Amino acid sequence: MLVKSQGIVIKSTRYSESSAIVKIYTQGYGMTAFLIQGMYSKKSGLKPALFQPLQVLELDFYFKENKNLLKVKEARSAFVLNHLHFEMKRSTIAMVISELIYKCIQEEEENKEMYDFLVSSIHILDNPSKDSNHFLLFFMLHFSRYLGFFPANSFSDDLPNFDLYEGRFKSDMGINTFLLDTQSSFLLNQIINTNIGEYDSIQIPQIERLKLIEYLIDYYKIHISGFHKLSSFEVIKGLFLK
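Values in this document were obtained by computation on a predicted structure and should not be read as measured data.

> I would appreciate a short explanation of the pattern of salt bridges in the present structure.
A side chain of one charge can pair with a side chain of the opposite charge if their charged atoms are brought near each other. Applying the stated rule across the entire model yields 13 salt bridges. Glu99 serves as the salt-bridge partner of Lys103, at 2.8 Å between the closest nitrogen and oxygen. Linking Lys103 with Glu99, this pair stays in helix H1 (residues 88-104), spanning 4 residues, or about one helical turn. Judged by relative accessible area, which is 27%, Lys103 ranks as partly exposed. Glu166 serves as the salt-bridge partner of Arg168, at 2.7 Å between the closest nitrogen and oxygen. For Arg168, a relative accessible area of 38% gives the class partly exposed. Salt bridges linked by common partners bring Lys4, Asp60, Glu74 and Arg76 together as one network.

Structure, rendered in structure tokens:
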């Protein structure tokens, strides 16, 4: 059955000399794997540039339930991204985010709220008027809302420390390996209460920003089964100290 859907490119893996398997989070069918035949051949209309991380596509494809690899008939950009794939820092952030999405979303079903959040986030990251330094941190925190473990907004003078395991702020109970320090907890509370579109409105020191990202990676490890690390972040985290 030939169907149409918008989709976000998550991961592309070379399958043969001329073909690739591309994971795309589609608007109507959830996470879907496609075999893109001839992608690396000169005559193909489906070029590798079309399947960069977080590229948003309009797709015509053949859908068959319970089939592992689907075939794309046509694919074209849903809108132009002018900066995300052309600025080093934004493109590396896109790479980390695409890995995060890949490791967190497995279901093959529609989730409109999550899809809309992801597309909105891509537009925000592509906006050149905003410094992208804090974007990954904000994305990781606000993405957790759609995965079911967004932190409880319970910060107060009496509950100043965030517990990664319980997902809420608590009083300092002494030795607790899941408890964040007071400064990190305070900054996390600020992020919780700031819309992702305003991510550049809070200034977080470089070392604190890196520490918070690593805390959030631990948070995902606790709450997402099978989540062990973000390999791409380990490779490029030096960028987040600049």
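Further notes follow.
> Quick question: what am I supposed to make of the environment of Leu57 here?
Checked against the element boundaries, Leu57 lands in strand E4 (residues 56-62). Its relative accessible area of 0% is what places Leu57 among the buried residues. When the C-alpha positions of Leu57 and Phe79 are compared, they lie 7.8 Å apart, and in sequence the two are 22 residues distant. Beyond its immediate stretch of four places on either side in the chain, Leu57 contacts Ser5, Gln6, Gly7, Val9, Ile24, Leu50, Phe51, Ala75, Arg76, Ser77 and Ala78.

> How should the side chain of Asn161 be read in this particular structure?
You can see Asn161 is positioned in strand E6 (residues 161-163). Residue class for Asn161 comes out buried when judged on its relative accessible area of 4%. At 2.9 Å, the side chain of Asn161 forms a polar contact with the backbone oxygen of Leu180. A distance of 3.3 Å separates a polar atom in the side chain of Asn161 from a polar atom in the side chain of Thr182.

> Just checking my understanding: could you explain the environment of His123 for this structure?
Residue position: His123 is located in helix H2 (residues 112-126). Overall, His123 belongs to the partly exposed group, its relative accessible area being 42%. Separated by 74 residues in the primary sequence, His123 and Gly197 have C-alpha atoms spaced 9.5 Å apart.

> Would you mind going over the nonpolar core with me for this structure?
Among the nonpolar cores identified, the biggest contains 58 residues, and Ile101, Leu118, Phe139 and Phe143 are the most heavily contacted of them. For this core, the secondary structure elements donating two or more residues are strand E1 (2-14), H1, H2, helix H3 (135-147), helix H4 (182-192), helix H5 (206-223) and helix H6 (231-236). Not counting the four nearest positions on each side in its chain, Ile101 is found in contact with Ile10, Met31, Leu54, Leu118, Phe139 and Phe143. Membership of the second largest hydrophobic core comes to 17 residues, among which are Val3, Phe51, Val72 and Ala75.

> Sorry, what's going on with the packing of H3 against H4 here?
Geometrically, a packed helix pair is captured by the angle between its two axes and the distance between the axes. Between H3 and H4, the shortest axis-to-axis distance is 10 Å and the interhelical angle comes to 75 degrees. In this view, H3 runs roughly perpendicular relative to H4, as classed from their interaxial angle. On the side of H3, the interface is formed by Leu137, Phe138, Leu141 and His142, while H4 contributes Leu188, Ile191 and Ile192. Looking at the contact of H3 with H4, its residues break down into 6 nonpolar, 1 polar and no charged.

> Just checking my understanding: could you explain the packing of aromatic side chains for this structure?
Pairs of aromatic rings are described using the distance from one ring centre to the other and the angle between the two planes. Counting across every chain of the model gives 19 aromatic pairs. Geometrically, the ring pair formed by Tyr220 and Phe227 is tilted, given 5.8 Å between the ring centres and 40 degrees between the ring planes. A residue is classified by how much of its surface remains accessible, and Phe227, at 3% relative accessible area, is buried. By the ring-pair criterion, three or more aromatic residues cluster together here, those being Phe149, Phe155, Phe162, Phe169, Phe186, Tyr219, Tyr220 and Phe227.

Rules of the game
Residues numbered from 1 in each chain as written. Predicted model: local features only at pLDDT ≥ 70, side-chain atom pairs only at ≥ 80, totals over all residues. Heavy atoms only, no water. Salt bridge = Lys/Arg side-chain N within 4 Å of Asp/Glu carboxyl O. Helix = DSSP H or I, 4+ residues; strand = E, 2+ residues; numbered from the N terminus. Buried < 20%, exposed > 50% of the residue type's maximum accessible area, 1.4 Å probe, protein only. Contact = heavy atoms within 4.5 Å. Polar contact = N/O pair within 3.5 Å; in protein donor to acceptor, adjacent residues only side chain to side chain. Core = buried A, V, L, I, M, F, W, Y, C linked by side-chain atoms within 4.5 Å. Axes fitted to C-alpha atoms, helices over the stretch in contact; angles between N-to-C directions. Parallel < 35°, antiparallel > 145°, perpendicular 65-115°, else oblique. Nonpolar A, V, L, I, M, F, W, Y, C, P; charged D, E, K, R; others polar. Phe/Tyr/Trp six-rings, centres within 6.5 Å; stacked < 30°, edge-to-face > 60°.

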